[in-house]
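Okay, here's what each chain looks like letter by letter:
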Amino acid sequence: MTTKQTTFRKEIYQRAVIESFLKLNPRWMVRNPVMFVVEVGSVLATVLWIQALLSRGETPAGFVGAIALWLWFTVLFANFSEAVAEGRGKAQAESLRKAKQDTPAKRVAGLQVESLQAEGANVKHEIVSSTALRKDDLYLVVAGDILPADGEIVAGIASVDESAVTGESAPVVREAGGDRSAVTGGTRLLSDWLIVKVSADPGFGFLDRMINMVEGAKRQKTPNEIALNILLAGFTIIFLVVCATLLPYSLYSVSVAGQGTAITITVLIALLICLIPTTIGGLLSAIGIAGMDRMIQRNVIAMSGRAVEAAGDVDVLLLDKTGTITLGNRQAVEFIPVNGVTAQELAECAQLASLADETPEGRSIVVLAKEKFGLRGQTMEKMRFVPFTAQTRMSGVDFPSSPLLAGEGQGGEVVSIRKGAPDTMLELIQANGNANASDLKLTIDSIARTGGTPLAVTRNGKALGVIHLKDIVKGGMKERFMHLRKMGIKTVMITGDNPLTAAAIAAEAGVDDFLAQATPEAKLKLIREYQTGGRLVAMTGDGTNDAPALAQADVAVAMNTGTQPAREAANMVDLDSNPTKLIEIVEIGKQLLMTRGSLTTFSIANDVAKYFAIIPAAFASTYPVLNSLNFMRLATPESAILSAVIFNALIIVALIPLALRGVPYRAVGAAQLLRDNLLIYGLGGLIAPFIGIKLIDMLLVGLA
Amino acid sequence: MNIYDWIQPIFYITVLLLLAKPLGSYMARVYQNERLFLDPILAPVERFIYRASGIDSKSEMTWKTYALAMFLFNILGLLFVYLLQRVQGFLPLNPQGLGAITPDSSWNTAVSFITNTNWQGYSGETTMSCFTQMLGLTVQNFVSAATGMAVLVALIRGIIRHTTKEIGNFWVDLTKSTLYILLPLSLVVALALVSQGVVQTFSEYQTVSMLQGTTDADGNAVTEQVIAVGPAASQVAIKQLGTNGGGFFNVNSAHPLENSTPLSNFIEMLSLLLIPVALCYTYGKMIGDTKQGWALLTAMTIIFVALIGVAVWAEHAGNPAIQALGVVGGNMEGKEARFGITTSALWATATTAVSNGAVNSMLDSFTPLGGLVPMWLMQLGEIIYGGVGSGLYGMLAFVIIAVFIAGLMVGRTPEYLGKKIEAYEMKMASIVILVPLVTVLVGTAIALMSEAGRATIYNPSAHGFSEVLYAFTSTAANNGSAFAGLGANNPFYNTALGLAMLLARYWLAIPILAIAGSLANKKKIPVGSGTLPTHTPLFIGWLIGVIVIVGALSYLPALALGPIVEHLLMFK
C-alpha cells in the first residue's frame, strides 16, 4: 500500500469517527428502526445512570454507567460502519466536484446544423456561466476548454480527455453522429472543436447524478432492503414485547417466591438491545453503500441501488456478440466469386462499396482487397454512398459507369453496388428479377456453417459473390458461460448475423441461446418475452438503437463511449466500456444480497447464547436455581449482562470489514451456497457468542 | 418404560403417516373439483345448498372479498351461538331444564367455538342443553374447521395461480370442506366410537345406584349417582377431526362415555392429527410438487417426535418428591389408569401439536417438563401440524420467513415456488408471527398485574404463573386445552381470553389471505439452478431452526419463570 493510500484511508477513518457522532441525530437514526431502539435504550440507560449517581437509582451506578456506555458504543459503531462505507464515495465525489466547477461556456445562438458545420470554431457565441446553460442550448468548445455541460455533439470531431470521470488518461475521440457523440460535462477538450447540444439542465447532468450516487445522499432503500427492514422491525417488536412483559412477570414471581428483587430496567434494556438484531441492523446501510462502492471500484456507475440489487436476480444475460463474445470485430478473409465473376472483379466492387464504410468490417474489406489484388481505394466524384442502417441492413455506392472501372455499360448509366447481409441481398436480387442465386446461396451456407459471416455483393441487383468475414471468439468465454450456467443464468448472444452463422459461433462460445439477425425491434421483443415468462433480463448496449431495449431491460449497462440516449436509457454506465463487465455486475448484486442474508442469520443465531447469559442473571435473586441455565459459568449476574452487551457492540465492529467486502460469491448452485453460508453464519453465529461472551466475562473478572 | 411404551408412539405415527397420502389426495381431488366416489350422494346436496343460498359456485373472489365473507360468516356464527346460549331455557331439547348462561361465559364460549379454539370455561353437562350443543357448538365445530381449510385452500391457489386477483370462492370452499371431508369422516369416526361404547342418545340423564355409597360434605349418605348422557359420539368425532377439542363432558376424553376403550382412544388420537397431517400431502398435490408437501410434513414430524420424546420421558421419570415417599414409577397424578403414562403423554403432545385441545388426562398434573411440552407446542404458533388448515397456513408464514432469509443468503431476491417474496409478504408474515406472541405475552402480563387476574390463581407460585401463561397460550393458539388450576369462568378471564382467541384467529387468517391475494397477482418465475430448493433436508433443517429460534426462543424468558424454574425446583 502506498503512503498516499494510507493517508487516504486515515482521512476516511478520521472523518468517519466524527460522522458517527453527527449521525446520532434522532431524525437520522429513525430511518433505521433497530438502531433507533438502541439509541432510545442508550438515552434511558444514561438517565438511569444519572439517577444512580444521585443515589436514587435501582442499581449501583458503576454497573448502570458501564451498560449505558456500551449501549452508546453499539450505536456509534453502527454509525461508524455507515460512515466508513460512505467515506470512499465521498472522497470520489469530491474529486468529481472539482471537475464540475463553474466554468465559462461559449453559448451559440440557434443555427442550422449545416451552417454550424461550415462555421466550425468561428461560430458566433457569447460567454456565459455554465450554470446558465439550459437543456437544448448549443455551446462551442475548443481545444483546452472544459466542457460546461453534458450533451450530444451536433458538429465537429475532437479528442477528449475524460479522465475526470473515468480515471482513464488516454484521450477518446468524440464526433457528431454515430455511437460516439455523447460528451460529459467536466471533461476537457484536447484538440479541435465541437459544437454540443446540452442534454441536461444544471444539477441534473451525468456528473451530478454520479456525485449523488457515490455520496449516497439520495440513497433510496432497495426493495429487498425494505422487506428485510420489515422483518427486522418485526423481530424488534417481538423482543420489545418479550422484554416489556418480563417486568410484570418478574414482579409476580418475586411476590409469590417471597424472595429477591424484580428485574431492573437497566437489565431489561440490556436484554432488549442484545436480543434485537443489532448486528444486521447496524450494518445494513453499510452493506448497501459498500455494494454501490464495489461497483464504483470496478468503474461502473449505477443510477440506483435498485439496479445493483436487481443485478443479483438476473437470470438472462443478453450479450452482444461483437466485442463481448468475439474479439474485436470480424475481419474479411476471402472473396468468393459466383456466376463466373472473377475474384478481382468481386474484390474491386466490394472495395468500392466499402469505401465509405467506416466500420471495422468495412475497413477490413478495403484492406483485404489491397493486400490480395493490390487495389487502392479511390474515391470518384459523383459517387453517392448509401450508408448502412439497421433497417435496410445493407450499404453500398451508386455512380455513373465509366471505362475506368470494371463494370457493365459504357458510361451514362448508373452502376449500383451493394453489399450486405445475405438474406437482404437475396431479397434485393429477387426484387431485380434475377432468380438464379443458387450458387450464391450455396457459398453463403458453406461460409455460415463454419461460423463465418458471409456478406453478399451485388451489382445492379446481380450477384457477384460473397465476402467471407470471420469472428474470433475471445479466450476463456466458454468457462465464463459455464460459470453463469451454474449460477442459474442463461446467456443469449445477440447478433445481426444470419441464424447459421450465429449458431456456429454460439456453439463455439458455449452460450445457451442466440438471437440472430437482431433488429432493435427483435431485441425489444425478446426482452419482453423473457420478462413475461418471469425472468429478469440484463443487457449491455451503446448505440442509440439499443436505447429502447436498454430501457426495457431490468439491468441495462450502457458503455460510457455510447450515445447519450443509450446512457439515458440504461440504469448503469460502465466507464471502461467493457461489455463483459456485466458478469461482474451480477456477482456484485448477488454479493450484496448474500451479505445481508448471512448477517441476518448470524444476528438471529446470536440470540441463543445471549438468552443463556442474561436470563439466569436477571432472575438469579428470585430463583437461584435458574443459575443452572448459566452454562457458560459467567462470574456474576452483572458481569454476565455486561459481557453480553459488550459482545453485542464489539461484534458490529468485528463485522465491518465483512460488510464492506461482502460475503464472497462463488458460482455454485443455490443449494451449495445455502449450505456453506448456513454453516459459517448460522452455526458460527450460534457458537461464536458463547465463546465471545465467556472470554469477555473472564476479562471483566480479571480487570475487576 | 417397557417395550409397549416404545411401540405405541411408533405405531401411532406410522399409521398416521400412512393415512396422509390417501386422505391427502382425496382432499386435493375435492378442492380441484375432480370426480369423487361420493359424488352420487353428495353432489346433489352441494348443488342444493348453492341454489338455496343463492351462491354462484363459478364466480370467484378477490382476497378482500374472500376475507370479508369469511369474517362475516364467523361473526354471524358468533352472534348466533351467543344468543342460543342466552335463550336456551326457552328452547327444546333441554331435558335437564338448564337456564340461560351468563353473558361473559356465553361470549367466551361463542368466540371459542367460532375460532376453532373450544376453550371451555364451563362444564358441558351442567351448562349446555342438547339443543345448544348440537345446533350451536357442533355446527361451529364443523364450520370453524371448514373455515380454516378454506383459508388454506385460498392460500394454495395464491401460490399456484399467477397474474390474477381471484383466489376462489369462500362459500364453495366452506361447503366442500364440510360436505365432502368433515361430514363423511365424522360419520365414520362417530360410528366407530359408538361401537366402542361412546354414548349417543337424546334421553335424560340416568340415575343409578352406586356400588359403594359415600357421604356428602354435610355427612349425609349418598347412594345414587346421576350419569350425564347425550349425543356425545357425533360431537366427539368432529371435535377430534376438526381440531376443535371441546368435550361433550367437562373432563373431555378422560370421561368413560366420551372415550371408553383403548381402541376408542386410538381412534380419537388418530383423528386428532389425521386431517392436518393429510393436508400437507394435499398441499403438495395441489401445487404440483408433492416433495414440497412431504418436506413440510417432515419438518413438523421431526419437531413432533422430539417433543413426544421429552413429554413421555418426563412423565415416566416422575416427580422425585413423590418417589421419595416410596411411590414407585412415573407420574400418574391426574391420569386415567385405563390409559397410563405413555398414552396420556402421547395424547397431550398430539392435542397441542394440532390446535385441538381435547384431553384424556389432567395437564395441570403433568411434571413441569411434561407440561412445558404442550405449552411450547402451542407457543410455536400451532404449526406442528396445527389446526385443520390453520396449522399449515401458519407454517407457510414461517416458510416465507425462512425462504426470505435463505433466499438472500444465496444471492437472489427470495422466492418460494416461483413467487417472489417481497416487502408485502414479509409484512403479512411478520403479523402472523407477531400477533399470537403479543397476545400471549401481553395478556399474561395484564392478568398478573390486575387484581381480577390474580384473584383466581389457585396456586400462587411458579406453577400459578405457568397456569396463566398456559391459559393465554392456549387461547391465542386457538387450542383450547387448559391447565385448570386457574379459575377461568369469571368475567375477567372470559373476556380477556375471548379477546385473545378472536385476535389470534383473524389476525392470522386475514394476513394469510392478503398473502394469497398478493402471490396470486405475481408472475411465476421459472425454476433454475440459482433457485433455492425448498424440499431438501438442508432447507427442512433451516426451517426447523427458524421455527425454534424465532417462534420459540421468544418465550424462553417467560418459560424460565414458569415450567423451567418449576422443574429445577423439583430437583432441589
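Scroll up a little and you will see the structure.
To keep things clear, this report deals only with the structure shown in the data block.

The number of helices and strands found in chain B is 20 helices and four strands. Against the 2.2 N^0.38 benchmark of 25 Å for 572 residues, chain B shows a C-alpha radius of gyration of 23 Å, consistent with a compact globule. Across its three principal directions, the C-alpha atoms of chain B cover 80 × 60 × 50 Å. For chain B, with 572 residues in total, the buried portion stands at 65%. For chain B, restricting intrachain contacts to residue pairs at least 6 apart in sequence, the fraction spanning at least 24 positions comes to 79%. Element-wise, carbon and sulfur atoms account for 67% of the exposed surface of chain B, whose accessible area totals about 19,600 Å². The distance from the centre of the 27 positive side-chain charges to the centre of the 28 negative ones in chain B is 18 Å.

A separate point is the overall build of chain A. From N to C terminus, chain A includes 24 helices and 22 strands. Taking 704 residues into account, the globule formula puts the C-alpha radius of gyration at 27 Å, and chain A, at 34 Å, lies well above it. Dimensions of chain A, computed from C-alpha atoms along their principal axes, come out at roughly 120 × 60 × 45 Å. A total of 704 residues make up chain A; the buried ones form 57% of that total.

Contact residues are listed per partner, giving 63 residues for chain A and 60 residues for chain B. Carbon and sulfur atoms make up 77% of the surface buried where chain A meets chain B, a total of about 5,000 Å² over both sides. For the chain A face of the interface with chain B, the top three residues by lost area are Y249(A), Y252(A) and L674(A), together amounting to 15%. Here D315(A) makes a salt bridge to R412(B), at a shortest N to O gap of 3.3 Å. Remark: the boundary between chain A and chain B carries nine residue pairs in polar contact (both at pLDDT 80 or more). Elements that contribute at least two residues to the side of chain A that touches chain B include exactly helix 8 (223-257), helix 11 (305-313), helix 17 (477-486), helix 19 (520-532), helix 22 (581-619) and helix 24 (670-703) of chain A. The residue makeup of the side of chain A that touches chain B, split by class, is 37 nonpolar, 18 polar and eight charged.

Residue and element names in this part refer to chain A. Among the nine residues in strand 17 (residues 462-470), seven count as buried, and that is most of the element. Taken together, the six bridges between strand 12 (residues 331-337) and strand 17 define a ladder with antiparallel strand orientation. Within strand 17, the residue paired with E334 across the bridge is H468. Pairing of strand 16 (residues 453-459) with strand 17, which is carried by seven bridges, proceeds in the antiparallel orientation. Note on strand 17: the bridge partner recorded for A456 is V466. Linking strand 16 to strand 17, which pair antiparallel, is a turn of two residues; within it N460 sits at a positive phi near 50°.

In this section: the pattern of salt bridges. A side chain with one charge may pair with a side chain of the opposite charge, provided their charged atoms come close. Residues and elements named next belong to chain A. One pass over the structure, following the stated rule, counts 28 salt bridges over all chains. Between K23 and E82 there is a salt bridge, and its shortest N-O distance comes to 2.7 Å. Within this pair, whereas K23 is found in the loop between helix 1 (3-22) and helix 2 (26-29), its partner E82 is found in helix 4 (residues 61-99), the two being separated by 59 residues in sequence. Overall, E82 belongs to the buried group, its relative accessible area being 12%. R596 is the partner of E225 in a salt bridge, and the nearest nitrogen-oxygen pair spans 3.7 Å. In this pair, E225 is assigned in helix 8 and R596 in helix 22, connecting sequence segments 371 residues apart. For the pair formed by E225 and R596, the shared burial category is buried. Taken together, the shared-partner salt bridges connect K23, E82 and E86 into one network.

This paragraph deals with a nonpolar patch on the surface. Judged by side-chain polarity, L679(A), I680(A), L683(A), I687(A), I691(A), L695(A) and M698(A) come together as a nonpolar surface patch covering roughly 690 Å² of accessible area. The topology assignment puts I680(A) in helix 24.

Now for empty space enclosed by the protein. Counted under the stated rule, the structure contains 15 cavities of 30 Å³ or more. Considering only enclosed or pocket space, the largest cavity measures out at about 230 Å³ in volume. Around the largest cavity, the lining is made up of 17 residues, and of these R31(A), N32(A), E82(A), G281(A) and S285(A) lie nearest the centre. At four residues, helix 10 (residues 278-297) of chain A tops the list of elements feeding residues into the lining of the largest cavity. The residue makeup of the lining of the largest cavity, split by class, is six nonpolar, six polar and five charged. What the second largest cavity holds in volume is close to 180 Å³. Along the walls of the second largest cavity sit 20 residues, with G381(B), E382(B), A476(B), A477(B) and L508(B) positioned nearest its centre. Put simply, the parts of the chain that give the lining of the second largest cavity at least two residues each are helix 13 (368-379), helix 14 (390-409), helix 15 (423-449), helix 17 (462-476) and helix 18 (491-520) of chain B.

Now for the packing of aromatic side chains. Enumeration according to the criterion identifies 20 aromatic pairs over all chains in this entry. Aromatic pair Y26(B) and F37(B): ring centres 6.0 Å apart, planes at 50°, arrangement tilted. Here F37(B) lies in the loop between helix 1 (3-31) and helix 2 (39-53) and Y26(B) lies in helix 1, a separation of eleven residues in the sequence. For Y26(B), a relative accessible area of 14% gives the class buried. Residue classification places F37(B) among the exposed positions, given a relative accessible area of 66%. Through a chain of ring-to-ring contacts, three or more aromatic side chains come together here, namely Y66(B), F73(B), F170(B) and W171(B). One Lys or Arg, R31(A), reaches over the ring of W28(A) and ends 4.9 Å from the middle of that ring.

Parameters and conventions
Residues numbered from 1 in each chain as written. Chains lettered and ligands numbered in written order. Predicted model: local features only at pLDDT ≥ 70, side-chain atom pairs only at ≥ 80, totals over all residues. Heavy atoms only, no water. Helix = DSSP H or I, 4+ residues; strand = E, 2+ residues; numbered from the N terminus. Rg over C-alpha atoms; globule rule 2.2 N^0.38 Å. Buried < 20%, exposed > 50% of the residue type's maximum accessible area, 1.4 Å probe, protein only. Contact = heavy atoms within 4.5 Å. Areas by Shrake-Rupley, 256 points an atom, 1.4 Å probe, with all protein chains shown as cover. Lys, Arg positive; Asp, Glu negative; His and termini not counted. Charge placed at Lys NZ, Arg CZ, Asp CG, Glu CD. Buried area = accessible area lost by both parts, 1.4 Å probe. Salt bridge = Lys/Arg side-chain N within 4 Å of Asp/Glu carboxyl O. Polar contact = N/O pair within 3.5 Å; in protein donor to acceptor, adjacent residues only side chain to side chain. Nonpolar A, V, L, I, M, F, W, Y, C, P; charged D, E, K, R; others polar. Pairing = 2+ DSSP bridges. Patch = residues over 30% accessible without salt bridge, like charges linked within 9 Å, V, L, I, M, F, W, Y side chains within 5 Å. 1 Å grid on protein atoms, 1.4 Å probe; cavity = no way out; pocket = protein on both sides within 12 Å on 5 of 7 lines; lining within 4 Å. Points joined across faces, edges and corners; volume = space filled by probe spheres on them. Phe/Tyr/Trp six-rings, centres within 6.5 Å; stacked < 30°, edge-to-face > 60°. Lys NZ or Arg CZ within 6 Å of the ring centre and 35° of its normal.

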